Amino acid sequence: MPRVDADLKLDFKDVLLRPKRSSLKSRSEVDLTRTFTFRNSKQTYTGIPIIVANMDTVGTFEMAVVMAKHAMFTAIHKHYSLEEWKLFAANHPECLEAGNVVTGEMVEELILSGADIIKVGIGPGSVCTTRIKTGVGYPQLSAVIECADSAHGLKGHIISDGGCSCPGDVAKAFGAGADFVMLGGMFAGHDQCAGEIMEKNGKKVMLFYGMSSDTAMKKYAGGVAEYRASEGRTVEVPYRGDVELTILDILGGLRSTCTYVGAAELKELSRRTTFIRVTQQHSQVFS
Ligand code: 5GP
């Protein structure tokens, strides 16, 4: 008989972080840099643990150059040619991870099989239609809380992948225990993205699409194979110029979160996190 898990599972929109006593005097005092030594490879990483998703629109070499300036990295998409890679990859280190999963038992399985970092998220992505096409998924905040617990018990690490729509969501993902947070849609529409800037109804827009969308499958596989359905959508996003301002907005928000909960370092954020369940995240008056 199918089992129904009646435990409440939550998404970023269902919670806010409770402010706590803080002795920090300025947001500039907050250190967002983290250093990790990975369980299996023993490699060490130091940086601000935000990753641009490996989607061909945002996971570009151009994006990687700007992100690297801020000690963040980019999961480069897999559709560059070997020649393009050779030109780019002299001074940029690579990193491998496994996923995507949403349950503690799968995290443990992957870590014990040799993975260092596990990507967590099935269905939360901004251009993902997996939940609609398959009925499969797991609310992202709960997935991160549960998977982080399993990973950290084994000295592994996790990436919260997908579902962040604003800097506050990034902070909630770190608060929930994510070691890294991967973002696609939040980096779409910038100069460093692949694709043309188009004019629609007097506004500049760029195309952003899921890597399992019709658009991506037509581009790289000649179309959607008969045995499968597309699990991504294609959207036009407003053109937003240089990604630099978006990066500063995300990092500024994150520093501010840390000051509100009294975390001098990003490392302390999850220990300083108490989520409160909410029915509304922010005022809708001018929405
Ligand atoms: P976002 O930050 O835009 O909410 O989510 C980005 C993540 O969405 C990616 O890192 C990837 O895991 C996921 N994603 C990207 N394209 C697709 C797609 O076509 N289908 C599905 N199911 N997920 C996608």
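Residues numbered from 1 in each chain as written. Predicted model: local features only at pLDDT ≥ 70, side-chain atom pairs only at ≥ 80, totals over all residues. Heavy atoms only, no water.

### Looking at the overall build of the protein
Where we set the bar: Strands are runs of DSSP state E lasting at least 2 residues, helices are runs of H or I lasting at least 4, and numbering of each runs from the N terminus. As a reference, a globule follows 2.2 Å times the number of residues to the power 0.38, and the radius of gyration itself is taken over C-alpha atoms. Burial classification: accessible surface area is computed with a 1.4 Å probe over protein chains only, and a residue below 20% of its type maximum counts as buried, one above 50% as exposed, and the rest as partly exposed.
A tally of regular secondary structure across the protein gives 8 helices and 13 strands. Relative to a compact globule of 287 residues, whose C-alpha radius of gyration would be 19 Å, the protein shows 19 Å and is just as compact. For the protein, the spread of C-alpha atoms along the three principal axes comes to 55 × 55 × 50 Å. Going through the 287 residues of the protein one by one, you find that 45% of them count as buried.

### Focus: the nonpolar core
Put simply, the rule reads: Only buried residues count toward a nonpolar core, which is a set of Ala, Val, Leu, Ile, Met, Phe, Trp, Tyr and Cys residues joined through side-chain atoms within 4.5 Å.
With 69 residues, the main nonpolar core has I50, V58, V170, L183 and F187 as its most contacted residues. The element that contributes the greatest number of residues to this core is helix α8 (residues 243-261), accounting for 7 residues. A64, I76, Y80 and F88 belong to the second-largest nonpolar core, a separate cluster that totals 5 residues.

### Examining the layout of surface pockets
Threshold: Here the term cavity refers to a set of points on a 1 Å grid, laid over the protein atoms alone, in which a 1.4 Å probe fits but cannot get out; the term pocket refers to an open set having protein on both sides within 12 Å along at least five of seven lines, with lining residues being those that place an atom within 4 Å of a point. Grid points are joined across faces, edges and corners, and a volume is the space filled by probe spheres set on the points. Classification convention: Asp, Glu, Lys, Arg as charged; Ala, Val, Leu, Ile, Met, Phe, Trp, Tyr, Cys, Pro as nonpolar; all other residues, Gly among them, as polar.
Quantified by volume, the second largest pocket comes out at close to 260 Å³. The wall of the second largest pocket is formed by 14 residues, among which L16, L17, G168, K172 and T257 lie closest to the centre. If you list the elements that add at least two residues to the lining of the second largest pocket, you get β1 (15-17), α6 (167-175) and α8. Of the residues in the lining of the second largest pocket, the class split is 6 nonpolar, 6 polar and 2 charged.

### Quick look at the sheet that holds strand β12 (residues 234-238)
So the rule is basically this: DSSP calls a pair of strands paired once it identifies at least 2 bridges connecting them. Interaxial angle, 0 to 180 degrees, is taken between N-to-C directions of lines fitted to C-alpha atoms, where a helix line uses only the stretch in contact.
Taking strand neighbours across the sheet as the criterion, the 3 strands line up as β10-β11-β12 in an open arrangement whose pairing is antiparallel. For this open sheet the edge positions go to β10 (197-200) and β12, each flanked by a neighbour on one side alone. The mean angle between the axes of side-by-side strands here comes to 45 degrees, regardless of whether they run parallel or antiparallel.

### Concerning the pattern of salt bridges
Definition in use: Here, a salt bridge means any side-chain nitrogen of Lys or Arg that lies within 4 Å of a carboxyl oxygen of Asp or Glu.
In total, this model carries 6 salt bridges according to the counting rule given. Residues K13 and D14 are paired through a salt bridge, measuring 2.9 Å at the closest nitrogen-oxygen approach. Salt-bridge contacts for K200 lead to E236; the nearest nitrogen and oxygen are separated by 2.6 Å. Of this pair, K200 sits in strand β10 while E236 sits in strand β12, and the two are 36 residues apart along the sequence. We classify E236 as partly exposed; its relative accessible area is 40%.

### Some points on the site of the ligand
Short version of the rule: When we say a residue is near a molecule or strand, we mean one of its heavy atoms is within 4 Å of it. In the analysis that follows, any N or O atom pair within 3.5 Å is treated as a polar contact, provided that within protein one partner can donate a hydrogen and the other can accept it, and provided that, for residues neighboring in sequence, both atoms belong to side chains. Computed with a 1.4 Å probe, the accessible areas rest on the Shrake-Rupley method; for each residue, only the protein chains presented here act as cover.
In the vicinity of the ligand, 20 residues are found, and the nearest of them are S126, T130, D161, S212 and E231. Separating a nitrogen atom of the ligand from a side-chain N or O atom of T130 is a distance of 2.6 Å. At 2.9 Å, a backbone N or O of G163 approaches an oxygen atom of the ligand. Here the ligand, which alone exposes 520 Å², has 88% of that area covered by the protein. A breakdown of the residues in the shell around the ligand according to their chemical character gives 6 nonpolar, 12 polar and 2 charged.

### With respect to the pairing of strand β2 (residues 34-37)
Successive side chains on a regular strand alternate, one facing one side of the sheet and the next facing the other. Side chains R34 and F36 of β2 all project onto a buried face; the interleaved residues T35 and T37 project onto a face where none is buried. With 4 bridges connecting them, β2 and strand β3 (residues 44-47) associate as antiparallel partners. Pairing of F36 across the sheet is with Y45, part of β3. Linking β2 to β3, which pair antiparallel, is a turn of 6 residues; within it K42 sits at a positive phi near 65 degrees.

### Quick look at the side chain of T257
As a reminder, the rule being used: Between two residues, a contact is recorded if the distance between any of their heavy atoms is within 4.5 Å.
By the element assignment, T257 lies in helix α8. For T257, a relative accessible area of 12% gives the class buried. If sequence neighbours within four positions are ignored, T257 has contacts with L17, A171 and L269.

### Things to note about the sheet that holds strand β4 (residues 50-52)
Pairing is parallel in the open sheet, where 6 strands are placed in the order β5-β4-β9-β8-β7-β6. With partners counted over all chains shown, the strands left at the sheet margins are β5 (73-74) and β6 (98-101), one partner each. Both β6 and strand β7 (residues 117-120) contribute to a ladder of 3 bridges, which runs parallel. Its bridge partner being in β7, V101 is matched across the sheet by V120. Lying on the sheet, helix α5 (residues 140-153) is in contact with β7 and β8 (157-161); it crosses β8 at an angle near 170 degrees.

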